Amino acid sequence: MIGQNVPRTDGLAKVVGTARYIDDVPPLEGELWGVTVRSPVARGVLTKIELDPSFDWSDVTVATADDLEDPKLNPGGVNLVALIEEDQPVLAKRELRHMYEPIVLLACADRDKAERARAAVKLHIDPLPPVLSIDDALAKKHVVWGKDNVLKRYRIRRGDVDAALKDCDLVLTGTYRTHHQEQMYIEPQGVIARWFQGADGAEQLKVLGSLQCPYYVHKALKKAFALKDDHAHVEQTVTGGGFGGKEEYPSLVALHASLLSKKSGKPVRMIYGRKEDIEATTKRHPSQCTVTIGCKKDGTFVAVKVDCAMDGGAYVTLTPVVLSRGALHACGAYKFQHNAVDAVAVATSTPPNGAFRGFGAPQTIWAIERHVDAVARALGRDPEDLRRQNLFEEGDVTATGQVLSVSVGGRPCLEAATRAADWKARRANIERFNERLAREGKRVRRGLGISTFMHGGGFTGSGERRLKGKVAVDLEPGGRLRVRSASTDIGQGTETVFRQIAASASGVRIEDIAVEVPCTTNVPDSGPTVASRTVMVVGSIVAKAAAEIAERVREESKPGESFAEAGDRLLRRVGGTVSSLQQYEPPVTVAFDEETYTGDAYPCFSWMCDVAEVEVDLDTFETRVVKWWSATDVGRAIHPVLCAGQVEGGTLQAIGWALHEDLVWRPDGSIANARMTNYIVPTAVDAPPFETILVEVPFPHGPGGAKGVGELPMDGGAPAIASAIEHALAELKLPTDRALLPDLPLLPERVFERVMKETA
Amino acid sequence: MLELDVNGKKVNVDASPLARLLDVLRGPLGLTGTKEGCGEGECGSCTVLVDGVPMNACLVLVGQVEGKSVLTVEGLAVDGALPEHLNHLQRTFIDHGGAQCGICTPGMLVSAEALLRNVPKPSDDQIREAIAGNICRCTGYQRIVDAIRHAAELRGRDQ
Ligand code: FES
Ligand code: FES
């Protein structure tokens, strides 16, 4: 079963149109439509909320922060979103910390009226000056957080970088920046919330929604509404994309709809419009990194130093974890003897930045990969060749002192991708072709670029050990199995690969294996659907539980009896449920020390090499991606078609981040292009043909040898494109001691500006 | 009362002619296969065929389609929603990984259907052009292009 392209479980419902996403759920009896009134300033003090007396409010439910703190309506509850820190209110009360911060909620049976009612709420606000950039936050232009705007810091040290740099033949420093990115899942955020009286007479809450992590929402609801574990029920509906954007944010939507439902006593549906979704929800953290690499004349890397800053936005949310992953990936996939990383996240007055595929790694990998290209140029070396020389191999040691002892696939990926692209010959051909184009007076040039990178699978450090993810597999009549976990299918194909994993671990036919809809009432907490952990970590628990059940049935079985017969007898004999609940047992590794940031940061890494061919117009500086080759070490591809789909989809998001996507912030902290018309994501015409190679260097603790793949392809696409553009522009006499293109996005006008500046 | 021709059936609905076709399909007609991703004609997830031409149902008023035939994703399968009733596009989308989260899939399938009706053997570039109005954030499009190409081959074989 493992390694086979079985038809995806949800495929049929998705192609005939019966898959039921949140807004496809038929209206519930008495249902109201919920909307949110948001802050029109990036920073300020709310002094009064006024409802226009000329508007008919008789059938409109209005909820504010006061309702959450009202002991009659919400006894024991609080106005807080439970996550890492409890700093973010469900609704702002007085202090307004970012544009679009939710303040008032409205619900009405008449959807149009609910929308109109928004305009009839008047907010009295004393505005304050916002902080809108990392530089301003670091310079404490205004203090919007703590004493110094600092949300979190990390420090990684190995060897003695400063001393080592003194002995290097070449020491090069460069600064690199990245911008916001919107997840742009095609299905906007949405939930339906409803309170009901449980069998015990107590009020219980049910939330249905488009979400990645049912237990995150569960935790948030329990906290804000002071609910017992089994009085909050969170169920995922078919989810139209997440990419991290439905990791933490759905908690907020669920809290809002639940508050409106509590106050009105009616079910409340809340579905964001596209504009609201782009404006108010989380985005990728902007970053700036200064990288210094010291190496020998022959190109051997010796020491690396990275200073990295990220913009966390107005609240802590997941920023410490994003920053941590960024810091842990900041030295790239290369051997150094000495490493130093200093990472800081600052608060600003924009909506909180949050989870987005890659989770901090694409930012620091952009910087290190760009800088490796700069070093290659300074040494007069081919960028592929310099990477080959310095790439991690088995036995090498990372910045945290982790010895890479298993499943180190960097080199096989580099070999496979450059072989497929025929790197050397193609580079040479392109250079000759460009000369011809120049002679003929043509105004386009081609270029070939590369990136090599790795991504740690699962939670950082001892995260998995602490989390103790659980999965249950039940025996059902007829020798069938049912897998219960909280891991959601948001398009990646979780349902399908879990069935494959359970089938191969138990020997039961895949047709006889079902996956339970993730609802906190029915599934154990296998942990959130994040961090490329679903197949590698949760999949291995699925395998364990399925194998254990099958073992019990086989022990029961009499000679000549089928699995189904033995299973049915076992069910009859125990007179109830036969189920195996298993917990994750992380592989034995060197413990990660959260204080010193030393030890094994991840159980293993997945590896990838991208090769991009681009065409650049010398007049408009527009870049077209012509062709893409990649090789990805996923340990083992459980379902090669789905796996390659992850690689290609993630890569296109990286291409979009590099070439098309750009959020435009106005000086007041609002977004000027919060629409799909002007926030441009790649279409089928913008996307290159992908040649995708899956490399398999098995990880012994993953199911069948599998590692994580979800985030990795987002990490290296942008630097491969920048590398290719610089190759295409080689004739322009570029500087040899720095990157031509240090900053994202690579929009035509930005590339033009850089070329003008650097060739003036 | 409006009389519409949807997926080959005549239906009467009580709706204002000024209502969006998308809302009438998803609401009174219960055809929730057609999705809303943006409401402004950009994402293509609401694509339906009106007299064989792909249109964004979020921008079309239902009054404009009176007397015309409307095809939604629910009308693609030959006879129902069983695997054996799927049309070639639906089948190849499953086999080649053309659907991940699936929210773009109904619109994508309908755009592809229009293409194959007009261009039985499209090149990859023609396929990409035909679905350029349908945004997919999951797949990177390669597998969608592969699926449509294979469906074209299967159709060619049928004829
Ligand atoms: S909903 Fe119609 S084009 Fe997006
Ligand atoms: S499959 Fe998710 S948007 Fe296309």
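The model shown is predicted, which means the values in this text are computed figures rather than measured ones.

### Overview of the overall build of chain B
Helix and strand content of chain B: five helices and five strands. In chain B, the succession of α and β elements from N to C terminus is β-β-α-β-β-β-α-α-α-α. For a compact globule of 159 residues, the expected C-alpha radius of gyration is about 15 Å, and chain B comes in at 15 Å, within 12% of that figure. Over its C-alpha atoms, taken along the principal directions, chain B stretches across nearly 40 × 30 × 25 Å. Residues classed as buried in chain B amount to 57% of the 159 residues present. Sequence-distant contacts in chain B: of pairs separated by 6 or more residues, those separated by 24 or more amount to 55%.

### Structural notes on the interface of chain A and chain B
Facing the 49 residues of chain A at the interface are 43 residues of chain B. Counting each side, the surface lost to burial between chain A and chain B is near 3600 Å², with a carbon and sulfur contribution of 58%. For the chain A face of the interface with chain B, the top three residues by lost area are A:Val15, A:Ile186 and A:Ala684, together amounting to 19%. Counting every contact that joins chain A to chain B gives six salt bridges. Between the two partners, chain A and chain B, sit 27 residue pairs in polar contact (both at pLDDT 80 or more).

### Quick look at the pattern of salt bridges
Once the charged atoms of two side chains with opposite charge are near each other, the side chains can pair. All chains considered together, the criterion is met by 78 salt bridges over all chains. Between B:Arg26 and A:Asp24 there is a salt bridge, and its shortest N-O distance comes to 2.8 Å. Highlighted residues: B:Arg26 in helix 1 (residues 21–26) and A:Asp24 in the loop between helix 1 (11–16) and strand 1 (32–38), drawn from two different chains. One salt bridge in this structure joins B:Arg20 and B:Asp23, with 2.9 Å as the shortest N-O distance. The network of salt bridges with shared partners includes A:Asp23, A:Asp24, A:Glu31, A:Arg269, B:Arg26 and B:Lys35.

### Structural notes on the pairing of strand 23 (residues 690–695) of chain A
All names here are of chain A. Direction of pairing for strand 22 (residues 623–633) relative to strand 23: parallel, over a ladder of six bridges. Paired with Ala631 across the bridge in strand 23 is Ile693. For the crossover that starts at strand 22, traverses helix 18 (residues 640–659) and ends in the parallel strand 23, the hand is right-handed.

### Comments concerning the confidence of the model for chain B
Across chain B, the average pLDDT comes to 95, with 97% of residues at 70 or higher. Scoring the predicted complex yields pTM 0.98 and, for the interface, ipTM 0.98.

### Comments concerning the packing of helix 3 (residues 105–118) of chain B against helix 5 (residues 142–158) of chain B
Residue and element names in this part refer to chain B. Close contact between helix 3 and helix 5 brings their axes to 11 Å; oriented N to C, the two are set at 40 degrees. The angle between the axes of helix 3 and helix 5 places the two elements in the oblique class. Judged by the sense of rotation from one axis to the other, the crossing of helix 3 with helix 5 is right-handed. Across the interface between the two elements, Met108, Ala112, Glu113, Leu115, Leu116 and Arg117 from helix 3 touch Ile144, Ile148, Ala151, Ala152 and Arg155 from helix 5. The residue makeup of the contact of helix 3 with helix 5, split by class, is eight nonpolar, no polar and three charged.

### So, the nonpolar core
If you look at the biggest cluster of nonpolar residues, it comprises 195 residues, and the most contacted ones within it are A:Phe225, A:Ile721, A:Leu729, A:Leu746, B:Tyr141 and B:Ile148. At eight residues, helix 7 (residues 249–264) of chain A tops the list of elements feeding residues into this core. When neighbours within four sequence positions are excluded, A:Ile721 is seen to be in contact with A:Ala612, A:Val614, A:Val625, A:Trp628, A:Ile655, A:Ala658, A:Leu659 and A:Leu746. Counting residues in each nonpolar core, the second largest holds 38 residues, with A:Val471, A:Val473, A:Val483 and A:Val553 among its members.

### What to know about the pairing of strand 3 (residues 47–50) of chain B
All names here are of chain B. Of the two faces of strand 3, the one carrying Thr47 and Leu49 and the one carrying Val48 and Val50 are both buried. Pairing analysis gives four bridges linking strand 3 to strand 4 (residues 53–56), with the strands arranged antiparallel. Within strand 4, the residue paired with Leu49 across the bridge is Pro54. If you look at the hairpin formed by strand 3 and strand 4, you'll find two residues sitting between the two strands, and Asp51 has a positive phi there, around 50 degrees.

### Looking at the environment of A:Leu475
Residues and elements named next belong to chain A. The topology assignment puts Leu475 in strand 17 (residues 470–476). In this structure Leu475 comes out as buried when scored by relative accessible area, which is 5%. When the C-alpha positions of Leu475 and Ala355 are compared, they lie 36 Å apart, and in sequence the two are 120 residues distant. In this structure, Leu475 is in contact with Arg480, Leu481, Ile549, Val553, Gly567, Leu570, Leu571 and Val578, ignoring residues within four places of it in sequence.

### Considering the domain arrangement of chain B
All names here are of chain B. Each assigned domain of chain B is listed with its residue range as follows: domain 1 (2–72) and domain 2 (83–158). Opposite the 13 residues of domain 1 that make contact, domain 2 presents eleven residues. Per-residue buried area on domain 1 facing domain 2 is highest for Lys35, Thr47 and Leu49; these three make up 36% of the total on that side. Connecting domain 1 to domain 2 are zero salt bridges. Counting every contact that joins domain 1 to domain 2 gives three residue pairs in polar contact (both at pLDDT 80 or more). Within the side of domain 1 that touches domain 2, the residues separate by chemical class into five nonpolar, six polar and two charged.

### A short note on the sheet that holds strand 16 (residues 444–456) of chain A
Residue and element names in this part refer to chain A. As summarised here, the arrangement of the four strands in space is 16-21-22-23, forming an open sheet in which the pairing is mixed. Two strands bound the open sheet, and with one partner strand each, they are strand 16 and strand 23. Strand-to-strand twist of the sheet, defined as the mean angle between neighbouring strand axes without regard to direction, takes the value 15 degrees. Summarising the sheet, strand 21 (residues 605–617) and strand 22 pair through ten bridges and their orientation is antiparallel. Residue Cys609 lies in a different strand from strand 22, and its bridge partner there is Ala631.

### Let's talk about the environment of A:His371
Residues and elements named next belong to chain A. Locating His371 in the fold gives a position in helix 10 (residues 361–379). Along the chain, His371 and Thr175 lie 196 residues apart, while their C-alpha atoms are 8.5 Å from each other. Not counting chain neighbours up to four residues away, the residues in contact with His371 comprise Leu172, Thr173, Gly174, Tyr176, Val291, Thr292 and Ile293.

### So, the domain arrangement of chain A
Residue and element names in this part refer to chain A. Taken domain by domain, chain A consists of domain 1 (15–128 + 183–277), domain 2 (287–459 + 595–759) and domain 3 (463–583). Computed over C-alpha atoms, the centres of domain 1 and domain 3 are 34 Å apart. Both sides together, the interface formed by domain 1 and domain 3 hides about 1300 Å², and carbon and sulfur atoms give 58% of it. The largest contributions to the domain 1 side of the interface with domain 3 come from Gln212, Tyr215 and Gln236, which together make up 48% of the buried area. Elements represented by at least two residues in the side of domain 1 that touches domain 3 include exactly helix 6 (214–224) and strand 11 (232–236). At five residues, strand 11 tops the list of elements feeding residues into the side of domain 1 that touches domain 3. Of the residues contributing to the side of domain 1 that touches domain 3, the split by class is eight nonpolar, seven polar and three charged.

### Focus on helix 20 (residues 717–728) of chain A
Two residues of an α-helix separated by three or four positions point the same way, owing to the 3.6 residues in each turn. Residue and element names in this part refer to chain A. The first and last C-alpha atoms of helix 20 sit 17 Å apart over twelve residues, in line with the 16 Å expected at 1.5 Å per residue. For helix 20, the buried fraction is high: twelve of the twelve residues fall into the buried class. Taken together, the buried positions of helix 20 are occupied by Gly717, Ala718, Pro719, Ala720, Ile721, Ala722, Ser723, Ala724, Ile725, Glu726, His727 and Ala728.

### Section: the environment of A:Val634
Residue and element names in this part refer to chain A. As for its placement among the helices and strands, Val634 is situated in the loop between strand 22 and helix 18. Expressed as a C-alpha distance, the spacing of Val634 and Val697, which sit 63 residues apart in the sequence, is 7.2 Å. Residue contacts for Val634: discarding those within four places in its chain leaves Cys643, Val695, Gly705, Ala706, Lys707 and Val709.

### As for the sheet that holds strand 19 (residues 513–515) of chain A
Residues and elements named next belong to chain A. Taken together, four strands build an open sheet; the order of strands is 19-18-17-20 and the sheet is mixed. Looking at which strands have only one partner, the edges of the open sheet turn out to be strand 19 and strand 20 (578–583). Strand-to-strand twist of the sheet, defined as the mean angle between neighbouring strand axes without regard to direction, takes the value 20 degrees. Strand direction decides the pairing type here: strand 17 and strand 18 (residues 480–484), joined by five bridges, are antiparallel. Bridging from a neighbouring strand, Asp474 pairs with Arg482 of strand 18. Most of the contacts of helix 16 (residues 534–556) go to strand 20, to which it runs at about 145 degrees, and overall it touches strand 17, strand 18 and strand 20. Here helix 17 (residues 563–574) sits on the sheet in contact with strand 17 and strand 20, set at roughly 100 degrees to strand 17.

What counts, and at which threshold
Residues numbered from 1 in each chain as written. Chains lettered and ligands numbered in written order. Predicted model: local features only at pLDDT ≥ 70, side-chain atom pairs only at ≥ 80, totals over all residues. Heavy atoms only, no water. Helix = DSSP H or I, 4+ residues; strand = E, 2+ residues; numbered from the N terminus. Rg over C-alpha atoms; globule rule 2.2 N^0.38 Å. Buried < 20%, exposed > 50% of the residue type's maximum accessible area, 1.4 Å probe, protein only. Contact = heavy atoms within 4.5 Å. Buried area = accessible area lost by both parts, 1.4 Å probe. Salt bridge = Lys/Arg side-chain N within 4 Å of Asp/Glu carboxyl O. Polar contact = N/O pair within 3.5 Å; in protein donor to acceptor, adjacent residues only side chain to side chain. Pairing = 2+ DSSP bridges. Right-handed = clockwise from strand over helix to strand, strands pointing away. pLDDT = per-residue confidence, 0-100. Axes fitted to C-alpha atoms, helices over the stretch in contact; angles between N-to-C directions. Parallel < 35°, antiparallel > 145°, perpendicular 65-115°, else oblique. Left-handed = near helix turned anticlockwise from the far one by under 90°. Nonpolar A, V, L, I, M, F, W, Y, C, P; charged D, E, K, R; others polar. Core = buried A, V, L, I, M, F, W, Y, C linked by side-chain atoms within 4.5 Å. Domains from an automatic or database assignment. Expected span 1.5 Å × (residues − 1).

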